[in-house]
Amino acid sequence: AQSVTQPDIHITVSEGASLELRCNYSYGATPYLFWYVQSPGQGLQLLLKYFSGDTLVQGIKGFEAEFKRSQSSFNLRKPSVHWSDAAEYFCAVGAAGTASKLTFGTGTRLQVTL
Amino acid sequence: DVKVTQSSRYLVKRTGEKVFLECVQDMDHENMFWYRQDPGLGLRLIYFSYDVKMKEKGDIPEGYSVSREKKERFSLILESASTNQTSMYLCASSLQGGQPQHFGDGTRLSIL
C-alpha cells in the first residue's frame with residue numbers, strides 16, 4: 001500500500017528566508033507526486049505535480065520540488081518565503097490507475113515571522 | 001477555471017439525524033472523491049466514484065454512504081450522524097489517469 005510521511009508537523013521561518021518541506025513516500029512503482037497548500041478555512045490548492053521526466057518541477061507561487069527516487073523523497077522548496085505563504089502544506093502520492101486515488105501526508109503547518 | 005462547489009460551508013446537526021453533503025463540479029470530470037480532514041490525521045478518503053452510479057469504499061467508509069446519479073454531482077450521506085463524525089469534509093474531482101484532484105472549499109460539520 002502507498003503511504004506518505006511528512007516528518008515536520010510545524011515549521012517556523014522568517015520572511016525572506018528559504019524553505020524546505022520534507023516528504024517521503026512509499027510506493028511500489030513510479031509514483032505520481034503532488035504538493036497542495038491549504039489556507040485557513042479553505043480547500044486544497046495544487047502547487048505542483050510530478051508525473052515523469054525532469055525530476056525538478058516548478059509550481060505556482062515560486063515553489064519547486066525535486067523527486068529523488070533513491071531517497072523516496074519529494075521535498076518542496078522556496079528560495080524566499082513571503083508572509084502570505086503561511087498555510088498548511090500536504091504532500092500526496094497517487095497512481096495512474098483509473099480512479100486516480102491519492103494518499104495524503106498528515107501535513108506541515110508553516111508559520112512565517114516578520 | 002475549475003470549480004468544485006460544496007453546498008454548505010458550515011453545518012450543525014444533531015445525533016441520529018440523516019445528513020446530506022452535496023458536491024457539484026463543472027469540469028466534466030470522471031472521478032469524484034469525499035475526504036474528511038481532522039487535525040493531525042491529514043485527509044482520509046471516505047468514498048470515491050469513477051463514473052456515474054459507480055462507487056468504491058475508501059479508507060474510512062463506516063457510517064457513510066454516497067450517491068452519484070449525475071456526472072457532475074456526488075453526495076455524501078451520514079445515515080445516522082454521531083458526534084465522532086464532527087469534522088471538515090472535503091470534496092474533490094479529477095480526470096482519469098492520475099491527474100490532479102481539484103478541491104472544494106470544504107464543509108465544517110458539527111454533530112451535537
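The coordinates are above.
A brief report on the enclosed structure follows.

Thresholds, definitions, all that
- Residues numbered from 1 in each chain as written.
- Chains lettered and ligands numbered in written order.
- Predicted model: local features only at pLDDT ≥ 70, side-chain atom pairs only at ≥ 80, totals over all residues.
- Heavy atoms only, no water.
- Helix = DSSP H or I, 4+ residues; strand = E, 2+ residues; numbered from the N terminus.
- Buried < 20%, exposed > 50% of the residue type's maximum accessible area, 1.4 Å probe, protein only.
- Polar contact = N/O pair within 3.5 Å; in protein donor to acceptor, adjacent residues only side chain to side chain.
- Contact = heavy atoms within 4.5 Å.
- Phe/Tyr/Trp six-rings, centres within 6.5 Å; stacked < 30°, edge-to-face > 60°.
- Salt bridge = Lys/Arg side-chain N within 4 Å of Asp/Glu carboxyl O.
- Disulfide = S-S within 2.5 Å.
- 1 Å grid on protein atoms, 1.4 Å probe; cavity = no way out; pocket = protein on both sides within 12 Å on 5 of 7 lines; lining within 4 Å.
- Points joined across faces, edges and corners; volume = space filled by probe spheres on them.
- Nonpolar A, V, L, I, M, F, W, Y, C, P; charged D, E, K, R; others polar.

## Observations concerning the side chain of Gln85 of chain B
Residue and element names in this part refer to chain B.
Right, on to step 1. Its location among the elements puts Gln85 in the loop between strand 8 (73-78) and strand 9 (87-94).
Right, on to step 2. Using a relative accessible area of 4% as the deciding quantity, one classes Gln85 as buried.
Right, on to step 3. Within the structure, Gln85 has its side chain in polar contact with the backbone oxygen of Gly63 (distance 3.3 Å).
Right, on to step 4. Not counting residues within four places of it along the chain, the set of residues in contact with Gln85 comprises Arg36, Glu62, Gly63, Tyr64, Leu78, Ser80, Leu109 and Ile111.

## Some details on the packing of aromatic side chains
All names here are of chain A.
Right, on to step 1. Taken as a whole, this structure holds 15 aromatic pairs over all chains when the rule is applied.
Right, on to step 2. Ring geometry for Phe34 against Phe51: centres 5.9 Å apart, planes inclined by 80 degrees, an arrangement best described as edge-to-face. Note that Phe34 is positioned in strand 5 (residues 32-38) and Phe51 in the loop between strand 6 (44-50) and strand 7 (56-58), a separation of 17 residues in sequence.
Right, on to step 3. Phe34 gets classed as buried once you look at its relative accessible area, which sits at 0%.
Right, on to step 4. Phe51 sits in the partly exposed class, given a relative accessible area of 22%.

## Section: the pattern of salt bridges
Residues and elements named next belong to chain A.
Right, on to step 1. Applying the stated criterion across every chain, the model contains 10 salt bridges over all chains.
Right, on to step 2. Linking Glu88 and Arg109 is a salt bridge whose minimum nitrogen-to-oxygen distance equals 2.9 Å. One end of the pair, Glu88, is in strand 10 (residues 87-94); the other, Arg109, is in strand 12 (residues 108-113), and 21 residues separate them in sequence.
Right, on to step 3. The partly exposed category is assigned to Arg109, whose relative accessible area is 41%.
Right, on to step 4. Through salt bridges that share partners, Glu64, Glu66 and Arg77 make up one connected network.

## With respect to the state of the cysteines
Right, on to step 1. In total, this model carries two disulfides over all chains according to the counting rule given.
Right, on to step 2. Each disulfide pairs two cysteine sulfurs, and for Cys23 of chain A the partner residue is Cys91 of chain A, the sulfurs being separated by 2.0 Å. Between Cys23 of chain A and Cys91 of chain A, the S-S torsion sits near -65 degrees, and that sign places the bridge as left-handed. Placement of the pair is Cys23 of chain A in the loop between strand 3 (19-21) and strand 4 (24-26) and Cys91 of chain A in strand 10, with a sequence separation of 68 residues.
Right, on to step 3. Judged by its relative accessible area of 0%, Cys23 of chain A falls in the buried class.
Right, on to step 4. Through a disulfide, Cys23 of chain B is tied to Cys91 of chain B; the S-S separation comes to 1.9 Å. Every disulfide takes its handedness from the sign of the S-S torsion; for Cys23 of chain B and Cys91 of chain B that torsion is -80 degrees, giving left-handed. On the criterion of sequence distance, the pair formed by Cys23 of chain B in strand 3 (residues 19-25) and Cys91 of chain B in strand 9 is long-range, its members being 68 residues apart.

## Digging into empty space enclosed by the protein
Residues and elements named next belong to chain A.
Right, on to step 1. Applying the stated criterion to the full structure yields one cavity of 30 Å³ or more.
Right, on to step 2. The space that makes up the largest cavity amounts to roughly 30 Å³.
Right, on to step 3. Taken together, Val37, Ser39, Lys61, Phe63, Ser84, Asp85, Ala87 and Tyr89 make up the full set of residues lining the largest cavity.
Right, on to step 4. Taken together, the residues of the lining of the largest cavity sort by class into four nonpolar, two polar and two charged.

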